[in-house]
Amino acid sequence: VQLQASGGGLVQAGGSLRLSCAASGFPSGFSFSSYSMGWFRQAPGKEREFVAAIDWSGGYTYYADSVKGRFTISRENGKNTVYLQMNSLKPEDTAVYYCAADRRLLVVDGTYDYWGQGTQVTVSS
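The model shown is predicted, which means the values in this text are computed figures rather than measured ones.

**Quick word on the overall build of the protein chain**
A count of helical and extended segments in the protein chain gives zero helices and 11 strands. Traced from its N-terminal end to its C-terminal end, the protein chain shows the element sequence β-β-β-β-β-β-β-β-β-β-β. The globule rule puts the C-alpha radius of gyration for 125 residues at 14 Å, and the 14 Å found for the protein chain is close to it. If you line up the protein chain on its principal axes, its C-alpha atoms span 45 × 25 × 25 Å. Element-wise, carbon and sulfur atoms account for 48% of the exposed surface of the protein chain, whose accessible area totals about 6100 Å².

**Some remarks on the pattern of salt bridges**
The final tally for this structure, using the stated rule, is six salt bridges. The structure contains a network of salt bridges with shared partners spanning R41, E49, R70 and D93.

**What about the environment of I54?**
Mapping I54 onto the fold places it in strand β5 (residues 49–54). Residue classification places I54 among the buried residues on the basis of a relative accessible area of 1%. On a C-alpha basis, the gap between I54 and S24 in space is 18 Å, while along the polypeptide they are 30 residues apart. Dropping the residues within four chain positions of it, I54 is found in contact with S36, M37, Y60, T61, I73, S74, R75, V82 and L106.

**Side note on the sheet that holds strand β7 (residues 71–76)**
Two modes of strand pairing occur in sheets, parallel and antiparallel, and in both the strands are linked by backbone hydrogen bonds. The four strands lie next to each other as β1-β3-β8-β7, forming an open sheet whose pairing is antiparallel. With partners counted over all chains shown, the strands left at the sheet margins are β1 (2–6) and β7, one partner each. Neighbouring strand axes in the sheet, compared pairwise and without regard to direction, differ in orientation by 15° on average. For strand β3 (residues 17–24) and strand β8 (residues 81–86), the ladder comprises six bridges, and the chain directions are antiparallel. By the bridge assignment, L19 is partnered in β8 with L84.

**Considerations on the packing of aromatic side chains**
Tallying each qualifying case throughout the model produces eight aromatic pairs. Ring geometry for F40 against F50: centres 5.6 Å apart, planes inclined by 75°, an arrangement best described as edge-to-face. Of this pair, F40 sits in strand β4 (residues 36–42) while F50 sits in strand β5, and the two are 10 residues apart along the sequence. In this structure, F40 and F50 share a single accessibility class: buried. Site record: aromatic cluster; members linked through ring pairs are F40, F50, Y62, Y112 and W115. Across the ring face of F40, the terminal group of R48 is positioned such that the distance to the ring centre comes to 5.8 Å.

Criteria and thresholds
Residues numbered from 1 in each chain as written. Predicted model: local features only at pLDDT ≥ 70, side-chain atom pairs only at ≥ 80, totals over all residues. Heavy atoms only, no water. Helix = DSSP H or I, 4+ residues; strand = E, 2+ residues; numbered from the N terminus. Rg over C-alpha atoms; globule rule 2.2 N^0.38 Å. Areas by Shrake-Rupley, 256 points an atom, 1.4 Å probe, with all protein chains shown as cover. Salt bridge = Lys/Arg side-chain N within 4 Å of Asp/Glu carboxyl O. Buried < 20%, exposed > 50% of the residue type's maximum accessible area, 1.4 Å probe, protein only. Contact = heavy atoms within 4.5 Å. Pairing = 2+ DSSP bridges. Axes fitted to C-alpha atoms, helices over the stretch in contact; angles between N-to-C directions. Phe/Tyr/Trp six-rings, centres within 6.5 Å; stacked < 30°, edge-to-face > 60°. Lys NZ or Arg CZ within 6 Å of the ring centre and 35° of its normal.

Structure (structure tokens):
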């Protein structure tokens, strides 16, 4: 499975960005709707941390406390894409953001099977 993240950029504090992650290359017999998806981030000098996750159908989501109420994860199975809508951005949200995929129903730690390349998000104060 290949994952391509996009949508990062430079934004002022309080602003918004929407990240996208397009998935492709599924094994025979599987489709995008067979995978739970997650977003993670890694700031300079820090460990990668969980941000949000969504189950196969999009019916269940889970967020890190630090982004709850500000970020929204969603998916369009018909477009093989998962999104991360980020509102009320803060300088501490600055990081490289990664998307990930897994065959399990919902994964809220770093044990995903597949990872995309990152997209940089920078929030200026």
